[in-house]
Amino acid sequence: QIILLSSLIAGTFFFTFRAGVKLRWLVPCYGLLLLSVPVGLYNVTLWKDVTFAILVVFWALVSSFFNFAKEWGKAVRLSRSRAVALLLLFIALLIFRHNGMIYLFVMPLLFFGLGLVRVPRMVFVGGCIAGVGLFYLVMFPPAGIKGASYFHDLSLSYLQQVERESPVKRVIHAARSYPRLLDINKNQEESDFWHYYLGDRYAYSFLREVGWYDAFEYMLPDERPFPKLRTWAMQIYEISLEYPWLYFSWYPFWLLYLFLLSILFYRWLPLSAIFSTVILVQVFALLLFVGTVNWRYYYFVLLGGYFLLPIWLLDLHNLKMRKAEP
């Protein structure tokens with residue numbers, strides 16, 4: 001997770017810098033991401049939500065950068081090896097969390113609807129077959145595979161719940177929940193504070209359940225290395241949960257409005273709008289169909305918000321360049 005996210009940060013900021021965005025604008029955005037307490041803590045936590053968030057942000061970035069290439073007359077044509085690599089990463093996006101399956105329909109529509117990429121015909125056909133096959137296996141799993149029907153049963157329960165409730169009430173609930181989505185204090189009865197699970201990462205029962213007990217070093221609390229460093233880190237964490245620091249850590253509500261503004265001003269901020277669409281599709285799918293407001297499930301929103309900042313800067317730079325053209 002550390003290597004993946006570090007590479008994604010480095011690649012994104014270097015790309016925007018090379019595209020012409022001034023360093024003096026990029027450095028504050030880079031600092032916000034680098035010094036983010038939630039991002040740092042989650043990135044060293046063994047949760048599938050973390051890897052899923054990195055995958056969601058990666059695909060939002062890929063969509064934006066492909067559109068960037070298209071805008072400047074350099075439509076991306078993928079080689080067979082790169083197309084296969086992206087296909088594998090797309091499958092990972094679908095299966096790391098069950099709610100990732102929504103991208104099976106969203107991403108092809110986005111890529112081919114906007115003409116973002118050209119792929120070899122055989123890779124395209126193979127990807128379609130793989131996608132349909134994966135969807136069929138998930139929705140109609142073989143009876144012989146233990147636990148294979150979990151997603152099917154879970155989806156059915158959510159659909160039955162949606163049928164019992166008014167669609168209008170669902171939409172109203174989603175609209176009211178969105179502005180406070182990342183407020184971990186507001187949702188503390190339903191959300192997971194990070195420190196609730198701090199000891200659980202070292203619990204033998206947890207390690208045994210997930211199959212890491214034979215590879216993960218088991219340490220008792222008094223055996224942990226660098227006790228003073230750990231004390232200082234926990235003090236910083238506790239401060240990050242207090243006002244006004246909360247607005248730059250666990251409740252950056254202003255990022256939520258940046259996503260909406262990006263889509264509203266699509267004409268002037270196309271890269272940001274595409275990026276925001278990939279993020280918000282997942283948000284409203286969770287709010288409308290699952291109804292959960294658990295902070296941990298929306299970590300990808302916070303992470304994506306910090307990546308949206310350099311994309312905004314790139315859009316504004318492109319807008320300035322277009323106006324300067326004769």
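See the structure printed just above.
Just so it is clear, the structure is predicted and the values come from calculations on it, not from any experiment. (Residues numbered from 1 in each chain as written. Predicted model: local features only at pLDDT ≥ 70, side-chain atom pairs only at ≥ 80, totals over all residues. Heavy atoms only, no water.)

## Things to note about the overall build of the chain
Counted only if it meets this: In this description a helix means any DSSP run of H or I spanning at least four residues, a strand means any run of E spanning at least two, and both kinds are numbered starting from the N terminus. Working definition: with a 1.4 Å probe on protein chains only, accessible area under 20% of the residue-type maximum means buried, over 50% means exposed, and in between means partly exposed. The contact definition used throughout considers only heavy atoms, calling two residues in contact when any of these lie within 4.5 Å. Accessibility throughout is a Shrake-Rupley quantity obtained with a 1.4 Å probe, and a residue counts as covered only by protein chains that appear here.
Across its full length, the chain carries 14 helices and two strands. In the chain, buried positions account for 43% of the 326 residues. Once local pairs closer than 6 in sequence are excluded, the contacts in the chain between residues at least 24 apart make up 75%. For the chain, the exposed area adds up to about 18400 Å²; of that, 67% sits on carbon and sulfur atoms.

## Some remarks on the pattern of salt bridges
Stated precisely, the cut-off is as follows: One speaks of a salt bridge when a side-chain nitrogen belonging to Lys or Arg is within 4 Å of a carboxyl oxygen belonging to Asp or Glu.
Evaluation of the coordinates by the stated rule reveals three salt bridges. The partner of D49 in a salt bridge is R97, and the shortest N-O contact between them spans 3.1 Å. Here D49 is found in helix α4 (residues 48-71), whereas its partner R97 is found in the loop between α5 (80-95) and α6 (103-113), with 48 residues between them in sequence. In this structure, D49 and R97 share a single accessibility class: buried. Between R180 and D183 there is a salt bridge, and its shortest N-O distance comes to 2.4 Å. The exposure class assigned to D183 is buried, which follows from its relative accessible area of 1%. Within the structure, one salt-bridge network assembled from shared partners comprises D49, R97 and R296.

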